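Residue strings, one per chain:
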Amino acid sequence: MSSSTTAADRVSDRTQLSLEGGPTTTAGVLAMGNLSARIEGLARQAARGSLTGDGWGELVELTALRGHVLGRIDEAERAASLAEDFVDQAPCDPRALVARARLAVLFHRFSAALDDLDAAAALEPDRGELDEERAAVHQAVGRYDEALAVHRQSLARRRDFSALCALARWHAERGEVAEAERWFLAARRGYRGVSPFPLAMLEFQCGQAWLSTGDLARARIWLESAIRRLPAYVPAQGHLAEIDAAEGRAAVAILRLRRLALESDDPHYGAQLARILTTREAGAEAEFRRAHAAARYENLMARHPEAYADHAAEFWLTVGADPRRALDLARQNLALRPTPPARALVDRATCRVGRHR
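All figures in this text were calculated on a predicted structure; none of them were measured in a lab. (Residues numbered from 1 in each chain as written. Predicted model: local features only at pLDDT ≥ 70, side-chain atom pairs only at ≥ 80, totals over all residues. Heavy atoms only, no water.)

Engineer: Sorry, what's going on with the overall build of the protein chain here?
Structural biologist: Counting its secondary structure elements, the protein chain contains 19 helices and zero strands. A globule of 357 residues ought to have a C-alpha radius of gyration of about 21 Å, and the protein chain, at 21 Å, matches this closely. For the protein chain, the spread of C-alpha atoms along the principal axes amounts to about 55 × 55 × 40 Å. Counted over contacts in the protein chain with a minimum sequence separation of 6, partners at least 24 positions apart contribute 55%. Counting every atom, the protein chain has about 17000 Å² of accessible surface; 53% of that belongs to carbon and sulfur. Measuring between centres, the 48 positive side-chain charges of the protein chain sit 4 Å from its 49 negative side-chain charges. (Helix = DSSP H or I, 4+ residues; strand = E, 2+ residues; numbered from the N terminus. Rg over C-alpha atoms; globule rule 2.2 N^0.38 Å. Contact = heavy atoms within 4.5 Å. Areas by Shrake-Rupley, 256 points an atom, 1.4 Å probe, with all protein chains shown as cover. Lys, Arg positive; Asp, Glu negative; His and termini not counted. Charge placed at Lys NZ, Arg CZ, Asp CG, Glu CD.)

This is the structure we're talking about:
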């Protein structure tokens, strides 16, 4: 096949992609209500001391899920606290150690996560599950070859939704977005559940991957599908606001981000809003949003420096207007996670510092 034909095929593929008519899942509003009801029911059982090990694991997982969907850092912190409670209740239960490891990964405490997984392995849990948990840690810190070996083993054992998604995410994090999309589509076609959460997260991840390449049209297709499935999905709404702003629809982006800044305690949305408002000479609100985001990043860095070094660096590199501080944080993040995005952030900050000398 000639290179021109290949290019034409790629253009055709981009224009013809449609996610309409995909798997049917429970309505997002109903699913969110069910999620909260289940969390509160499990929390009541925990308060009474009647929650089983499986129930504790579910409570931790669902609380973290709600935090992700709603863009609520306090919910993620609550999930981490619940994971600690689970370990206190059952220190010899491998399920408790795995639950705590997952939350440690969420907050980028990778060494602590691996320690918990090693302790769980000593209690002889399912080997395959632990290998997959370790693969997630290895992938997060740029040990891609080790993660890939596990993903391929998992796929050889069972070609299911989870295994396909894991391989798709691996390609996405490597910047191989077209290949990642192929695996995301395979996972989407093979989904057999009714919950909207796994599919919406898949669609969000693929949209995020395309956005990182600058392909706004393709990113929008995936992100809008995620939001149709789960309207309350704050991270997907935030990325759509980013696309709106890049495509010249600043007023639409501002309205979306004002709502997100109220609903979420993540300063990212206020920082995005401040950047757009600055370009529209809305000085008073822009400064208010910038100052609020700065204070919030200071607070988060005091509590979770590993998890927010990259986000804080991005803030100080842009609307925070302190490239030297951004460079320090970007280097801190690179030391923890030597991945291509972390290196790119250091390079950007280095260039900015050079221009400000």
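Engineer: Looking at this structure, I do not really get the side chain of His138. What am I missing?
Structural biologist: One can find His138 in helix α7 (residues 127–140). The exposure class of His138 is buried, given its relative accessible area of 11%. If we ignore the near neighbours within four places in the chain, the residues touching His138 are Leu114, Arg143, Glu146 and Ala147. (Buried < 20%, exposed > 50% of the residue type's maximum accessible area, 1.4 Å probe, protein only.)

Engineer: It is not clear to me how the pattern of salt bridges should be interpreted in this structure. Could you clarify?
Structural biologist: Considering all chains together, one arrives at 37 salt bridges under this definition. Note that Asp265 is salt-bridged to Arg72, the shortest N-O span being 3.8 Å. Here Asp265, found in the loop between α14 (250–263) and α15 (267–279), pairs with Arg72, found in the loop between α3 (53–70) and α4 (73–89); they are 193 residues apart in sequence, far enough to count as distant. The residue Glu203 makes a salt bridge to Arg229 at a minimum N-O spacing of 3.1 Å. Placement of Glu203 in helix α11 (residues 196–213) and of Arg229 in helix α12 (residues 216–229) is noted, with a sequence separation of 26 residues between them. Comparing Glu203 with Arg229 shows no difference in burial state: the two are buried. Among the charged side chains, a salt-bridge network with shared partners connects Arg220, Glu224, Asp244, Glu247, Arg249 and Arg256. (Salt bridge = Lys/Arg side-chain N within 4 Å of Asp/Glu carboxyl O.)

Engineer: Please clarify how the side chain of Arg188 should be interpreted in this entry.
Structural biologist: Mapped onto the secondary structure, Arg188 falls in helix α10 (residues 177–189). Setting aside its immediate chain neighbours within four residues, Arg188 contacts Leu19, Gly22, Pro23, Leu199, Leu202, Glu203, Trp222, Ser225 and Arg229.

Engineer: I keep staring at the nonpolar core and nothing clicks. Help me out?
Structural biologist: Nonpolar side chains in soluble globular proteins tend to be buried together. Judged by nonpolar contacts, the single largest core of 92 residues is most densely connected at Phe184, Phe197, Leu202, Trp222, Tyr233 and Phe315. By residue number, the principal contributor to this core is α11, which donates nine residues. Setting aside residues no more than four positions away along its own chain, Leu202 makes contact with Phe161, Cys165, Phe184, Ala187, Arg188 and Trp222. (Core = buried A, V, L, I, M, F, W, Y, C linked by side-chain atoms within 4.5 Å.)

Engineer: Would you mind showing me how to read the confidence of the model for the protein chain here?
Structural biologist: A low pLDDT means the predicted coordinates there should not be read in detail. With 94% of its residues at a pLDDT of at least 70, the protein chain reaches an overall mean of 92. Of all helices and strands in the protein chain, the one with the weakest mean pLDDT is helix α1 (residues 3–16) (39), whereas helix α13 (residues 234–246) scores best (98). A low-confidence stretch, residues 1–15 stays under pLDDT 50, and its non-local contacts, those more than four residues away or across chains, total six contacts. (pLDDT = per-residue confidence, 0-100.)

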